[in-house]
Amino acid sequence: MDLLLEGFQQALTPTNLLFACLGVLLGTAVGVLPGIGPAMALALLLPVTYSVGADSAIIMFAGVYYGGMYGGSTTSILLNTPGESSSVVTAIEGNKMAKRGRAAQALATAAIGSFIAGTIGTVLLWILVPRVSDVVVELGAPSYFALMLLAFLAVTTVLGASKLRGFISLFLGLAIGLVGTSTGQARLTFGEAKLADGIDIVVVAVAIFAIGEALWVAAHLRRKPLEIIPVGQPWMGRQDWKRSWKPWLRGTAYGFPFGALPAGGAEMPTFLSYVTEKKLTRHPEEFGKGAIEGVAGPEAANNASAAGTMLPLLTLGLPTTATAAIMLYAIQSYGIQPGPLLLDNEPGLVWALLASLLIANTLLLVINLPLAPLWAKLLRIPRPQLYAGILFFATLGAYSVNFQAFDLALLLAFGVLGFAMRRFGIPVLPLIVAVILGPEMERKLTEALALSGGEVSTLWGEPVAVVVYVVIALMLAAVAINGLRPPAPAQPEIADDEKELVER
Amino acid sequence: MSTTNPLQPKCVVAAYSADVYGRAAVEHAEAIALASGARLVVVNATRGDSLVDDRFAHEDEVESLRERLATEGIEVDIRRDVVPDVAEAVLEAARQSSADVIIVGVRHRTPVGKLLLGSVAQRVILDAPCPVLAVKPPR
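Remember, predicted model here, so these are calculated numbers, not experimental data. (Residues numbered from 1 in each chain as written. Chains lettered and ligands numbered in written order. Predicted model: local features only at pLDDT ≥ 70, side-chain atom pairs only at ≥ 80, totals over all residues.)

Draft legend 1. Geometry of the overall build of chain B. Broken down by element type, chain B carries 5 helices and 5 strands. Put simply, chain B runs from its N terminus to its C terminus through helices and strands in the order β-α-β-α-β-α-β-α-α-β. Radius of gyration (C-alpha) of chain B: 14 Å, near the 14 Å computed for a compact globule of 139 residues. Expressed along its principal axes, the backbone C-alpha trace of chain B runs to roughly 40 × 35 × 30 Å. Residues classed as buried in chain B amount to 39% of the 139 residues present. The long-range fraction of contacts in chain B, counting pairs at least 24 apart against all pairs at least 6 apart in sequence, stands at 76%. (Helix = DSSP H or I, 4+ residues; strand = E, 2+ residues; numbered from the N terminus. Rg over C-alpha atoms; globule rule 2.2 N^0.38 Å. Buried ≥ 20, exposed ≤ 12 C-beta atoms within 10 Å, placed from the backbone. Contact = placed C-beta atoms within 7 Å.)

Draft legend 2. Looking closely at the overall build of chain A. Helix and strand counts for chain A come out as 20 helices and 0 strands. The C-alpha atoms of chain A give 22 Å as radius of gyration, which agrees with the globular expectation for 504 residues (23 Å, within 12%). Of all 504 residues assigned to chain A, the portion counted as buried reaches 55%. Within chain A, residue pairs in contact and separated by at least 24 positions form 80% of the contacts whose partners lie at least 6 positions apart.

Draft legend 3. Representation of the sheet that holds strand S5 (residues 132-135) of chain B. Residues and elements named next belong to chain B. Read from one edge to the other, the open sheet built from 5 strands follows the order S3-S2-S1-S4-S5, with strand pairing classed as parallel. Whereas interior strands pair on both sides, the edge strands pair on one side only; in this sheet they are strand S3 (76-79) and S5. Mean inter-strand twist for the sheet, computed between neighbouring axes without regard to direction, equals 20°. Inspection of the sheet shows strand S1 (residues 11-15) paired to strand S4 (residues 101-105) by 3 bridges, in the parallel sense. Each residue of the ladder has a partner; that of Val13, found in S4, is Ile102. Against the sheet, helix H2 (residues 59-71) touches strand S2 (39-43) and S3, its axis set at about 165° to S3. Set on the sheet, helix H5 (residues 120-127) makes contact with S1, S4 and S5; between it and S4 the angle comes to about 160°. (Pairing = 2+ DSSP bridges. Axes fitted to C-alpha atoms, helices over the stretch in contact; angles between N-to-C directions.)

Draft legend 4. Representation of the interface of chain B and chain A in the model. If you look at the interface, chain B gives 13 residues, while chain A gives 15 residues. Residues of the side of chain B that touches chain A, tallied by class, amount to 4 nonpolar, 4 polar and 5 charged. (Nonpolar A, V, L, I, M, F, W, Y, C, P; charged D, E, K, R; others polar.)

Draft legend 5. Representation of helix H10 (residues 238-260) of chain A. The end-to-end C-alpha separation of H10(A) is 34 Å, in line with the 33 Å expected for 23 residues at 1.5 Å each. Approximately 30° is the largest bend angle found in H10(A), and it occurs at Ser244(A), with the proline Pro247(A) only one to four residues beyond. (Expected span 1.5 Å × (residues − 1). Bend = angle between axes of the 7 residues up to and from the residue.)

Draft legend 6. Expanded view of the confidence of the model for chain A. Looking at chain A as a whole, the pLDDT averages 85, with 95% of positions reaching at least 70. Mean pLDDT across the secondary structure elements of chain A bottoms out at helix H20 (residues 496-502) of chain A, with 43, and peaks at helix H17 (residues 405-423) of chain A, with 93. (pLDDT = per-residue confidence, 0-100.)

Draft legend 7. Looking closely at the pairing of S1(B). Residues and elements named next belong to chain B. When you tally the buried positions in S1, you get 5 out of 5 residues, the bulk of the element. In S1, alternate side chains face the same way, and those of Cys11, Val13 and Ala15 on one face and Val12 and Ala14 on the other are all buried. In this structure, S1 lies alongside S2, joined through 5 bridges in parallel fashion. The residue of S2 that forms the bridge with Ala15 is Val43. In this fold, the crossover linking S1 to S2 by way of helix H1 (residues 20-36) has right-handed handedness. (Right-handed = clockwise from strand over helix to strand, strands pointing away.)

Draft legend 8. Focus on unusual backbone geometry. In this model, Phe403(A) sits at a positive phi of 55°, which is unusual for a non-glycine residue. Given 7 C-beta atoms within a 10 Å radius, Phe403(A) is considered exposed. Non-glycine residue Ser98(B) carries a positive phi angle of around 35°. Tracing the backbone through its elements, the reader meets Ser98(B) in the loop between helix H3 (86-96) and S4. Among the residues examined, Ser98(B) registers 14 C-beta atoms within 10 Å and is labelled partly exposed.

Draft legend 9. Main features of the packing of helix H3 (residues 38-45) of chain A against helix H13 (residues 322-333) of chain A. Residue and element names in this part refer to chain A. Look at H3 against H13: their axes get within 8 Å of each other, and the N-to-C directions meet at 20°. Taken as axis vectors, H3 and H13 run roughly parallel relative to one another. Here the hand of the crossing between H3 and H13 comes out left-handed. Facing Pro38, Ala39, Leu42 and Ala43 of H3, the residues of H13 in contact are Ala322, Thr323, Ile326 and Met327. Here the residues of the contact of H3 with H13 sort into 7 nonpolar, 1 polar and no charged. (Parallel < 35°, antiparallel > 145°, perpendicular 65-115°, else oblique. Left-handed = near helix turned anticlockwise from the far one by under 90°.)

Draft legend 10. Region of interest: the nonpolar core. Residue and element names in this part refer to chain A. Counting 160 residues, the largest nonpolar core has Ala43, Ala205, Val206, Ile326 and Ile432 as the members making the most contacts within it. Of all the elements, helix H15 (residues 347-377) adds the most residues to this core, at 16 residues. Sequence-distant contacts of Ile326, defined by excluding residues within four places in its chain, comprise Ala39, Leu42, Ala43, Leu46 and Ala205. (Core = buried A, V, L, I, M, F, W, Y, C linked by C-beta atoms within 7 Å.)

Draft legend 11. Fine view of the confidence of the model for chain B. For chain B, the mean per-residue pLDDT works out to 86, and 94% of the residues sit at or above 70. Overall fold confidence (pTM) sits at 0.83, and the ipTM for the predicted complex is 0.74.

Draft legend 12. Spatial organisation of the environment of Ala405(A). Residue position: Ala405(A) is located in helix H17. C-beta crowding within 10 Å serves as the criterion here: with 10 such atoms nearby, Ala405(A) is assigned to the exposed category.

Draft legend 13. Highlighting the packing of helix H1 (residues 2-11) of chain A against H15(A). All names here are of chain A. Interaxial distance between H1 and H15 falls to 7 Å at its minimum, and their mutual angle equals 70°. Considering the angle they form, H1 stands roughly perpendicular to H15. On H15, the residues touching Leu3, Leu4, Glu6, Gly7, Phe8, Gln10 and Ala11 of H1 are Pro347, Gly348, Trp351, Ala352, Leu354, Ala355, Ser356 and Ile359. Within the contact of H1 with H15, the residues separate by chemical class into 10 nonpolar, 4 polar and 1 charged.

Shown next as structure tokens:
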């Protein structure tokens, strides 16, 4: 408890408060704009870590992450185009509500639900992080190796429609992570001295998220503008409150555990929450025509899952979303080793972050509830100007890593890769997770084998590792069985255009 | 350019944006078309480079406009294009339909506004192949 209060003390210093504000404003903005998500924003912000203190940077990053979850709902509801992937479900009922003239209520239930879910999730983190840290601190290198393997397989197989595409992305990421001489041997450097230190993750992340996206947008520059629904100040009537609070709590209950699981993310819990609300509602006739429950539940779920993501990130050093993966890298770039010892070694940082989550959430409610119409104005920014700015910051960020032009060539090469991945529908998440966790996993493997003197059986010598391998086996079996079953009848692809906008 | 009488037109082009200026243009064009029996071409174009363009009319707005004009017995063609240059779309429509007059809505602009942004109406007025009627929304 004392630690938490100290955390608040640190998070509430003027500097950190400023960074929290900056983070949530930026996060909401990128959340509102489809195609630009918190992951891209964080990739572009990574150079900030060179000049700003660890606590300020992490607090800002957490603000961006939470803000993205709020901002996405605005676009979903007003435009029927999800701002980012966690708001896809919100668009189903949210846009229908807006079309019926209830946009204000939809925005309000999304913002307040997000706040409540985020707050509950943050409190759960306060309780769980120290406890889980105490448990996982016992884990040895073999267990870690197994857990990372699980994370890889989970982000690859659970999410996304095509396992093959997931694995392509995963192995691309692992290959990029191999470049360099970290093992004493030059691997994949092609005799190029500048590749000896490996490829900086900032360059890869900025290229895949920002350059790839910019190229994609440039290739699809002109499209028919979408019809936005004008909205005033969000508010809710008594009936709306009555119908919203239960979905909020149920959404939170779905979101948090899913966020905490490897390969959690927000897509699954938001979808489950929607299905549950549809089943439990007392107004089944309204579903499909704009039921408030269908907005309240999923929106709570996506914020709770954002909180849940922090649990494995802070205790195990395992990211479950692209945004978390980049946060992990930011922590590493301060020379701080994420993992079970993080809480023991850097209690100040962790508790300041945990405290700042509550602050960020409150700030978000304050800036989102009255300012929703203003945020919607962001959608009028012409793409050429917007992406010119993004390209500028992307180039600046990549160049500032080592101040050498070679990185810019790499940036362009990986940018083209990012564009190709979008073109062929290859998910980005496995690649980013693999680039960041791949070298870490190799280190754990080396560590385990060094301790055992090269005896391979050490890898399944810990009970936790065995359990994880069983889970992996079950998962692979499920995938195999699914693959053997006759394919389900193809669903009509109504949302093809939207999918294009979101699944990047 | 053959000289025709813009007050007795056979074809009228209206530059339509989904705001008071565009509506004023369409209403005047409608009145002229009713009086002269001219064909009416309504151009509602967008650059399509931002997600939301307020001046691009909603689908239902266009439908109700089409219906209204049709019931009045006006032969109407509503063009909704995504083009690099909105002014060029209006001029192109005027050339293709050999319009006798183009109608645009104009607005007051501050000196800074003139400096920062090009005006579609100005481009149309200066580059049009035929006379242009500049109208203002009712105050």
